[in-house]
Amino acid sequence: MKKSFLLLPILLLMLGCEEVIDPELPTSQTRLVIDALLGYNGENGDPITVGEVKLTLTAPFLGNTVTPALNAQVFIIDESTGVVSEISEEQPGIFARGFPNLRFNRDYTLQVIYNGELYSATERLVESTTIDNLEQGDGFLFDEQSETEVKITITDLPGRRDQYLFSFGFENFLVIEDRFFEDEQITFSYFYEDILPGRLLAVSVFGVDQEFANYVEQVLQQAGEDNGGGGPFTVPATVRGNIVNSSNPDNFAFGYFALSEFDTAFLTIH
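Residues numbered from 1 in each chain as written. Predicted model: local features only at pLDDT ≥ 70, side-chain atom pairs only at ≥ 80, totals over all residues. Heavy atoms only, no water.

Caption draft 1: Structural context of the sheet that holds strand β10 (residues 147–155). Strand order in this open sheet of three strands is β9-β10-β13, and the pairing throughout is antiparallel. Strands at the two margins of the open sheet, each flanked by one partner only, are β9 (131–136) and β13 (185–193). Averaged over neighbouring strand pairs, the angle between their axes works out to 20 degrees when direction is ignored. By the bridge criterion, five bridges tie β9 to β10 in an arrangement that is antiparallel. (Pairing = 2+ DSSP bridges. Helix = DSSP H or I, 4+ residues; strand = E, 2+ residues; numbered from the N terminus. Axes fitted to C-alpha atoms, helices over the stretch in contact; angles between N-to-C directions.)

As structure tokens, this is what we get:
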């Protein structure tokens, strides 16, 4: 997905004159962006919680850098027990150590304190299916020489309506709903471009609720296919998430807090 700014290099030349002209460009209020997706996996009998809370600032029009939000504090509260976990900052603006062990059917609240204001969101862990099979195919969409087909097989969780977020690596994502394969197994293809033999691919599936699925689809639609390495939740500044500023509601933040069970499969390209 693209960043929350557009890169529009403009060179104005006036009849060979070397004077650089700086047009007046629109500016907007700098806001906090909170990208927080935590993943849970308990398939191997040793449950793990991974992910990160990434805090950045929206960039000005024509900006070409993403600025981390500094001097923040991040907490996750287990509302069932009242236990508060303070998350440690590993890199500027990236908090990725100290997550609690997530459990189903519990409310978890993310709290971010930045510039004296409190931002928060409360969510529950969403169940996911697993990847039944991951294999390389021999099909292609447009260019047989540059495309590599990968086939993914999953079985839908029974008895309910589900949404899944797939990560194919290289900052490529897809949201699907089980409307046409409810309670059934499905195999679908994803096509990579210019993947060399021997490359190890990691494909992950996350369980997501309807609200988060809608949010991600909006982000993908606005960002287009080329996301520029911004990650799944580096969003255009027109997409609001579930983060609330309880200290100053007018100074809202962008981004989303989500908790997802996930499964990952690996494939070496031949």
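Caption draft 2: Region of the structure containing the pattern of salt bridges. Evaluated as defined, the whole model comprises nine salt bridges. The closest approach of N and O atoms between E177 and R161, which form a salt bridge, is 3.3 Å. With a gap of 16 residues between them, E177 in strand β12 (residues 173–177) and R161 in the loop between β10 and β11 (163–167) connect regions that are remote in the sequence. We classify R161 as partly exposed; its relative accessible area is 41%. The residue R161 makes a salt bridge to E182 at a minimum N-O spacing of 3.5 Å. With a gap of 21 residues between them, R161 in the loop between β10 and β11 and E182 in the loop between β12 and β13 connect regions that are remote in the sequence. When salt bridges with common partners are traced through the structure, they connect R161, E177, D178, R179 and E182 into a single cluster. (Salt bridge = Lys/Arg side-chain N within 4 Å of Asp/Glu carboxyl O. Buried < 20%, exposed > 50% of the residue type's maximum accessible area, 1.4 Å probe, protein only.)

Caption draft 3: Examining the nonpolar core more closely. Ranked by size, the top nonpolar core spans 27 residues in total, and within it L32, I34, V53, L55 and L110 carry the most contacts. Taken together, the elements giving at least two residues each to this core come down to β1 (32–41), β2 (48–57), β4 (73–78), β7 (107–114), β8 (117–124) and β16 (254–268). For this core, the element with the highest residue contribution is β1, accounting for five residues. Not counting residues up to four positions away in its chain, the partners in contact with I34 are V53, K54, L55, L110, V112, Y119, I243, A253, F254, G255 and Y256. Counting 21 residues, the second largest nonpolar core, distinct from the first, contains L134, I154, L157 and V205. (Core = buried A, V, L, I, M, F, W, Y, C linked by side-chain atoms within 4.5 Å. Contact = heavy atoms within 4.5 Å.)

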